[in-house]
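Analysis of the macromolecular model
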Amino acid sequence: MTNKQQPDYYKIIPQHLLADADALINYVRYFPYQFPTKCPHCEYSSFKQLTTRNVVDEPRFQCYFCKKEFSQLTGTYFARMTRMELWPDFIMYRLVGLPIKKIHQRLNISQHACIVRERRLNQMMQDLFPKLYQWWKPHHDYTDHTLTAEITQEQKVIVNWVKERINQQTATCSQCGHFIKQRINLRNKKEGVHKNRPYFECGKCAYKFSIFKETPLNRLRHKDFWVPFIKELCQGKNNEEILNTLSNQHKLKLGLGTIINWRKRFIEQMQILGLTNLVAWLKWQRVRNKAAETRENKKQVTYKKNKNKL
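The notes below deal with the structure included here. The model shown is predicted, which means the values in this text are computed figures rather than measured ones.

1. Regarding the environment of Cys205
Summarising the element assignment, Cys205 is placed in the loop between β6 (199–201) and β7 (208–210). Here Cys205 falls in the partly exposed class, since its relative accessible area comes to 36%. It is 8.7 Å that separates the C-alpha atoms of Cys205 and Cys173, two residues lying 32 residues apart in sequence. Dropping the residues within four chain positions of it, Cys205 is found in contact with Cys173, Gln175 and Cys176.

Structural data, given as structure tokens:
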């Protein structure tokens, strides 16, 4: 399977669970249309198809033993449901973290129908693909923040890129191509140059530049805290949570606007480096974090209402 053919959930789910995810999609794509092999009520294997009813989408059958009627969906995860063709898209949307509010708009079904499908999906995964469920459910609920091996590798790429740039001692002048053997340390507010930054001055054409000049990280300050920021960012934390962590653990006084700016700049740099899986992971974890916040707020509102009644 080429990258163009890969669905978006390939960027989220661990490599060893992708086969289960594909099997889940194929299961909901084909199983609802399979001809039944036995009566779901008594498990008798002999039955007839009824022709007295004009039902195209869901043919009816009658068991010869218990005389009860049923369809191919009776007793399955899809019982009493319609529009079976929407199941593959619904699951793919949920695997990539698309909220219920957006799914019901895209599929043109009610939010209640999406919630019912969500319950059936959880049960389906738990019964048929337990390994996938054991990983997906806690990550989906934002109770497990463990990175996959693929995301961990891409996180190392951006971290190493930042560290190498910060510690870089030599550079090539972009104006004349002259090789600069040593960087300089100085402070000049007017030029936006900060002490101990990877800053260079060409001895041939006197061109001054930072090693980050042509990158989205140009002119960002507090370079010593970029790596801790990346690690917090990869956990899917919101801007306030990242700000509190950096302030408490690293004694760094930053404004919320700085964190918002950093998030935008670093994600842009990740895209330039081709870290598409990591960018998709950040978006997915952020959505899951918001959903967890919503659930927590609803619990608090319900608790207050019940407390007031008492």
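Alright, that's what it looks like, and here's the rest.
2. Brief notes about the sheet that holds strand β3 (residues 69–71)
Backbone hydrogen bonds hold the strands of a sheet together, and the pairing may be parallel or antiparallel. The three strands are arranged β1-β2-β3 in an open sheet whose pairing can be described as antiparallel. Edge positions in the open sheet fall to β1 (47–49) and β3, since each of these has one partner strand only. Each adjacent strand pair in this sheet contributes to an overall mean axis angle of 35°, direction not counted. Summarising the sheet, β1 and strand β2 (residues 60–63) pair through three bridges and their orientation is antiparallel. Of the residues in β2, the one forming a bridge with Lys48 is Gln62.

3. Description of the environment of Met125
Along the chain, the position of Met125 falls in helix α4 (residues 111–128). Residue classification places Met125 among the buried residues on the basis of a relative accessible area of 0%. Filtering out sequence-adjacent residues up to four positions away, Met125 remains in contact with Leu24, Pro130, Leu132, Tyr133 and Trp136.

4. Thoughts on a nonpolar patch on the surface
Nonpolar side chains collect at one region of the surface, where Tyr44, Tyr64 and Phe65 lie side by side and expose about 350 Å² of accessible area between them. Positionally, Tyr64 belongs in the loop between β2 and β3.

5. Focus on the environment of Gln126
By secondary structure assignment, the location of Gln126 is in helix α4. Each C-alpha atom, one on Gln126 and one on Lys137, is 9.3 Å from the other, the two residues being eleven residues apart in sequence.

6. A few points about the side chain of Ser71
Looking at the secondary structure, you find Ser71 in strand β3. By relative accessible area, which is 3% here, Ser71 ends up buried. If we skip the residues at most four places from it in the chain, Ser71 touches Glu58, Pro59, Arg60 and Phe61.

7. A word on the packing of aromatic side chains
With the rule as written, the count across this model stands at 21 aromatic pairs. Consider the rings of Tyr9 and Tyr10, whose centres lie 5.4 Å apart with planes at 50°: the pair is tilted. For the pair Phe212 and Trp226, a centre-to-centre distance of 5.2 Å together with 80° between the ring planes defines the contact as edge-to-face. Highlighted residues: Phe212 in the loop between β7 and α7 (226–233) and Trp226 in helix α7, separated in sequence by 14 residues. A residue is classified by how much of its surface remains accessible, and Phe212, at 0% relative accessible area, is buried. Under the relative-accessibility criterion, Trp226 is labelled buried at 0%.

Criteria and cut-off values
Residues numbered from 1 in each chain as written. Predicted model: local features only at pLDDT ≥ 70, side-chain atom pairs only at ≥ 80, totals over all residues. Heavy atoms only, no water. Helix = DSSP H or I, 4+ residues; strand = E, 2+ residues; numbered from the N terminus. Buried < 20%, exposed > 50% of the residue type's maximum accessible area, 1.4 Å probe, protein only. Contact = heavy atoms within 4.5 Å. Pairing = 2+ DSSP bridges. Axes fitted to C-alpha atoms, helices over the stretch in contact; angles between N-to-C directions. Patch = residues over 30% accessible without salt bridge, like charges linked within 9 Å, V, L, I, M, F, W, Y side chains within 5 Å. Areas by Shrake-Rupley, 256 points an atom, 1.4 Å probe, with all protein chains shown as cover. Salt bridge = Lys/Arg side-chain N within 4 Å of Asp/Glu carboxyl O. Phe/Tyr/Trp six-rings, centres within 6.5 Å; stacked < 30°, edge-to-face > 60°.

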